[in-house]
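Coordinates in review
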Amino acid sequence: MTCNGIVLPDLRWKPVAREVKEAYAPVRVSRLGSDSAWFTVSDRDRFLLRNDSLSESTAAYCCEAALREDGVVAARRPVELPLLRAGESCEFSCSIPHEKKPGCLYTIEFSVRRREATFYAQAGEEIGLFQFPLGSGPSAGLKPAAPLGPVSAAEQDGELVLEAAGTRFVLDAGTGRPRGLWKDGEAVLLGEASPCFDRPFTGLDAQPAWGWEQEYARIRGKALSFGAPVRLSGGGLSRVELPFTCGGPDSPGIGGMIAYTLRGDGVLRIDADFSIAPDYRAVPRVGLELIAAPGFEQLSYFGRGENESYRDRLLSAPLGVWSSTVSGQHFPFVPPSENGGHEETRWLRLARGDGRALLVRSAAPIHFDAHHYSVADCQRARHDHELPRRPETVLHLDAAHAPIGGEMAWSTKMPEPLALRGGTYHLSVEISLA
């Protein structure tokens, strides 16, 4: 019964502490006509201010609004909070004039801060941040397709080598399974995009018969097998389709298809379709695992951050463009556990110090994490110093990721409506190299 609180033994905040801070904010902003701050309503400029403090008036706080365009702050303005005594609430209006650019996503957020220092907080400390969608600009429309250069395909020494615009994609000629992706002769991705349904342990499954452990165990440790590849080409594209199944004949059906398409501009598109039998009541994740070559340490992304986020933990992770490192994504839970996920991600970029970079884009929001260790590494380690730090980056791109839990102190429960169940899932990403 140790290490169960919202701080580590050395008093460092756990990621959940930031979620608690947002949930307990004494002054709150919500959008009128919505039970949730993230639902779109017709009146976008009308908000509700509520003072949940037991004693202080809103005079103790100041506020700033910020407009984000595709996750980047484009404008800021101060907001004069209405004067409310403890327990009062009122409506107020706020807008930041802007012209919506085609295809861009817009949000407005309110940062409420303390005016003066107290015995427990510094002056200017943020007590809550509340973000709301403003929708997107008009559709950018379909741009005329740029002419694509040729994709060369050649078989040599048991390998199928596809090349275009300095990008070299190598697959096993017999099995169709990728062996790596190169840019100008340098390795960027190692091996294939492997289907992944597991994650490190959490409070939901930390011990046998604990929480959802028995349900998660049904999908763990199942062997992957791949069917015969199908090769297609034409129109400046070269595509390999690879069916897969997971588990044996006595297991409920899990399978799907991964398709790799190299375009003439050197962009690699990966499409993955997953089918999971409906009698699975919960699975940890549905996605792909990729391995980036050593050196791709710098990380930036457009998604929920900077704090980690999961489908049941979004209050403390506004949508924005954030910068970090792969090493910086790790949090030293006791024992090592699932950490560092980011929901609603539109793109992410891994880069080396010399400028070589890998950019992943998705038209539909995805969940991702990036670490210097694998799921199995984390599951085996009992202490943080036992967790290996590999030079490669293990990158997970998820069509969907399970809740993290936390509806009670031991985290053994999660909101069942958010659980990932059997069904069909689709993931489509484009990988470009620079």
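The model shown is predicted, which means the values in this text are computed figures rather than measured ones. As a convention, each chain's residues are numbered from 1 in the sequence order in which they are written. The model is predicted, so local features are restricted to residues of pLDDT at least 70 and side-chain atom pairs to those at 80 or more, both for listing and for counting; the totals for chains, interfaces and linings are taken over all residues. Excluding hydrogens and water, the side-chain values take into account all heavy atoms of the structure.

**A look at the overall build of the chain**
Our working rule: The secondary structure listing takes helices from DSSP runs of H or I that are at least 4 residues long and strands from runs of E that are at least 2 residues long, numbered from the N terminus. The globule rule used for comparison is 2.2 Å times the number of residues to the exponent 0.38, while the radius of gyration itself is calculated over C-alpha atoms. Think of it in three bands: residues with accessible area under 20% of the maximum for their type are buried, residues over 50% are exposed, and the middle band is partly exposed, with areas taken using a 1.4 Å probe on protein chains only. Contacts are residue-level and defined by heavy atoms, with any inter-residue pair within 4.5 Å sufficient. Using a 1.4 Å probe, the Shrake-Rupley method yields the accessible areas, and only the shown protein chains count as cover for residues.
In terms of helices and strands, the chain carries 3 helices and 24 strands. Against the compact-globule benchmark of 22 Å for 434 residues, the chain has a radius of gyration of 24 Å, which places it among compact chains. In terms of overall dimensions, the chain has a C-alpha envelope of 75 × 55 × 40 Å along the principal axes. Counting across all 434 residues of the chain, residues that qualify as buried make up 47%. A separation of at least 24 residues holds for 64% of the contacts in the chain among residues at least 6 apart in sequence. Working note: accessible area of the chain is about 20,200 Å², and carbon and sulfur atoms make up 53% of it.

**Some thoughts on the pairing of strand β24 (residues 423-433)**
How we decide: Strands pair, by our definition, only if DSSP identifies at least two bridges between them.
Where strand β17 (residues 268-276) lies against β24, 9 bridges are found, and the strand directions are antiparallel. Following the sheet pairing, R269 is matched in β24 by E430. Relative to β24, strand β22 (residues 357-371) is paired through 4 bridges, and the arrangement is antiparallel. Considered in β24, the bridge of V360 is made with I431.

**What about the sheet that holds strand β5 (residues 89-93)?**
Let me state the cut-off plainly: Helix axes use the C-alpha atoms of the stretch in contact, all axes being lines fitted to C-alpha atoms, and the angles between their N-to-C directions lie in the range 0 to 180 degrees.
Strand order in the open sheet formed by 3 strands is β1-β2-β5, and the pairing between neighbours is antiparallel. In this open sheet, the two edge strands, each paired with only one partner strand, are β1 (27-31) and β5. Strand-to-strand twist across the sheet, computed as the mean angle between neighbouring axes with direction ignored, equals 30°. Of the strand pairs in this sheet, strand β2 (residues 46-51) and β5 are connected by 5 bridges, and their pairing is antiparallel. The residue bridging R46 from the neighbouring strand is S93, located in β5.

**Topic: the nonpolar core**
Filter applied, for reference: Only buried residues count toward a nonpolar core. Its members are Ala, Val, Leu, Ile, Met, Phe, Trp, Tyr and Cys residues joined through side-chain atoms within 4.5 Å.
Ranked by internal contacts, the top residues of the largest apolar core, which has 59 residues, are F197, I270, F274, L288, L397 and I431. Each residue touching I270, except ones within four places of it in the same chain, is listed here: A193, I258, A259, Y260, L288, L290, L427, S428, V429 and I431. Formed by 24 residues, the second largest nonpolar core is a distinct cluster that contains F47, L49, L84 and C94.

**Section: the packing of aromatic side chains**
Let me state the cut-off plainly: Centres within 6.5 Å make a pair out of two Phe, Tyr or Trp rings, where for Trp the six-membered ring is used; the pair is then stacked when the planes are under 30 degrees apart, edge-to-face when over 60, and tilted otherwise. Lysine NZ or arginine CZ positioned within 6 Å of the ring centre and within 35 degrees of the ring normal marks a charge as sitting over the ring.
This model, assessed by the stated rule, comprises 12 aromatic pairs. With a centroid separation of 6.0 Å and 85° between ring planes, the pair formed by F197 and F274 is classed as edge-to-face. With F197 in the loop between β12 (186-196) and α2 (213-217) and F274 in strand β17, this residue pair connects regions lying 77 residues apart in the sequence. Accessibility classification places F197 together with F274 in one group, the buried group. Here the aromatic cluster, defined as three or more aromatic residues joined through ring pairs, consists of F47, F92, F110 and F132. One Lys or Arg, R168, reaches over the ring of W182 and ends 5.8 Å from the middle of that ring. Taking the ring centre of Y280 as reference, the NZ or CZ of R218 above it sits at 4.5 Å.

**Structural notes on the pairing of strand β15 (residues 237-246)**
Examined bridge by bridge, strand β13 (residues 224-226) and β15 share 3 bridges and lie antiparallel to one another. Its bridge partner lying in β15, S225 is registered against T245. Linking strand β14 (residues 230-234) to β15, which pair antiparallel, is a turn of 2 residues; within it G235 sits at a positive phi near 60°. As paired elements, β15 and strand β16 (residues 254-263) share 9 bridges and run antiparallel to each other. By the bridge assignment, L242 is partnered in β16 with I258.

**Focus on the sheet that holds strand β6 (residues 105-114)**
Ordered in space as β4-β3-β6-β7, the 4 strands form an open sheet in which the pairing is antiparallel. Of all the strands in the sheet, the pair left with one neighbour each is β4 (72-79) and β7 (126-136). The mean inter-strand angle of the sheet, taken between neighbouring strand axes irrespective of direction, is 20°.

**Quick word on unusual backbone geometry**
A cis amide bond links G305 with the next residue in sequence, E306, at an omega value of -10°. When you line up the elements, E306 lands in the loop between β19 (298-304) and β20 (319-325). The phi torsion at D70 lies on the positive side, around 50°, for a residue other than glycine. As for its placement among the helices and strands, D70 is situated in the loop between β3 (61-69) and β4. Residue D70 is classed as partly exposed on the basis of its relative accessible area of 28%.

**Comments concerning the environment of L314**
Summarising the element assignment, L314 is placed in the loop between β19 and β20. Assessed through its relative accessible area of 24%, L314 is described here as partly exposed. For the pair L314 and E344, spaced 30 residues apart in the sequence, the C-alpha separation amounts to 10.0 Å.

**Considerations on the side chain of T58**
Threshold: Each polar contact in these results corresponds to two N or O atoms within 3.5 Å; when the atoms are within protein, one needs to be able to donate a hydrogen and the other to accept it, and residues that are neighboring in sequence are counted only if both atoms are side-chain atoms.
Note on placement: T58 falls in the loop between β2 and β3. Here the side chain of T58 touches L84 through a polar contact of 2.8 Å, landing on its backbone nitrogen. Those residues in contact with T58 that sit more than four places away from it in its chain are V27, L49, N51, P82, L83 and L84.

**Description of the side chain of R220**
As for its position among the elements, R220 is in the loop between α2 and β13. By relative accessible area, which is 18% here, R220 ends up buried. Beyond its immediate sequence surroundings of up to four residues, R220 is in contact with D198, R199, P200, F201, D205, P284 and Q379.

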